[in-house]
Amino acid sequence: MAASSPWPLIHAERKALLADLQGLSDQQWDTPSLCAGWTVRQVLGHMTATAKLTPPGFFAHFIGSGFRFNAMADKDANRESAGTPAEALARFAAVVDNTSHPPGPVDSILGDTVVHPEDIRRPLGIRHTCPTEMLVQAADFYKRSNLLIGGKRRIAGLTLRATDA
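Keep in mind the model is a prediction, meaning the values are calculated, not measured.

Taken together, the side chains of Phe59, Ile63 and Phe67 present a nonpolar region at the surface, about 330 Å² in accessible area. Residue position: Ile63 is located in helix H4 (residues 55–64).

Okay, here's the thing in structure tokens:
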């Protein structure tokens, strides 16, 4: 059976993150995230940039970054996190309902929407529980994908069994 569209889950989780980030102090915005080398604000900038990207925009940014994915991601995250925290948060708020995305399966955006908010929330001590449906759909995507993360290759030969979903 085909999975349902991930967009309602993505939009709801983006809005939940937006609500969690209201009222953070400047010091909290500068907290190192779980993404090596990025602050909480830069991870939010990455999420904003990703929500704005279209396939043509992705390729333009990729070419403009010398075909270096990490350099492109850094440049986009820094651009979208520039200015005050309130400005960065407003840019994210403006894209929470977007359905544009870089090339590739939409489930990769679902996975980003599971992972990156935790990269932000955990260092800040903010607890959140994603819907089980979202976690299962993201895990199913990652277990059969080698796109960027290499999940399929990493779990080759293992048996994964959920005990809580």
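Right, let's get into the pattern of salt bridges. The full count for this structure, using the stated rule, is 10 salt bridges. With its nearest N and O atoms 2.9 Å apart, the salt bridge here joins Arg79 to Asp76. Here Arg79 and its partner Asp76 are both found in helix H5 (residues 69–80), three residues apart, which amounts to about one turn of the helix. Looking at Arg79, the relative accessible area reads 40%, which means it is partly exposed.

With that out of the way, let us pick up the side chain of His116. With respect to the secondary-structure elements, His116 resides in helix H7 (residues 106–124). Judged by its relative accessible area of 11%, His116 is buried. A distance of 3.4 Å separates the side chain of His116 from the side chain of His46, its partner in a polar contact. In terms of polar contacts, His116 uses its side chain to reach the side chain of Asp119, at 2.9 Å. For His116, the residues in contact, after removing those within four places along its chain, are Cys35, Val43, His46 and Met47.

Analysis parameters
Residues numbered from 1 in each chain as written. Predicted model: local features only at pLDDT ≥ 70, side-chain atom pairs only at ≥ 80, totals over all residues. Heavy atoms only, no water. Patch = residues over 30% accessible without salt bridge, like charges linked within 9 Å, V, L, I, M, F, W, Y side chains within 5 Å. Areas by Shrake-Rupley, 256 points an atom, 1.4 Å probe, with all protein chains shown as cover. Salt bridge = Lys/Arg side-chain N within 4 Å of Asp/Glu carboxyl O. Helix = DSSP H or I, 4+ residues; strand = E, 2+ residues; numbered from the N terminus. Buried < 20%, exposed > 50% of the residue type's maximum accessible area, 1.4 Å probe, protein only. Polar contact = N/O pair within 3.5 Å; in protein donor to acceptor, adjacent residues only side chain to side chain. Contact = heavy atoms within 4.5 Å.

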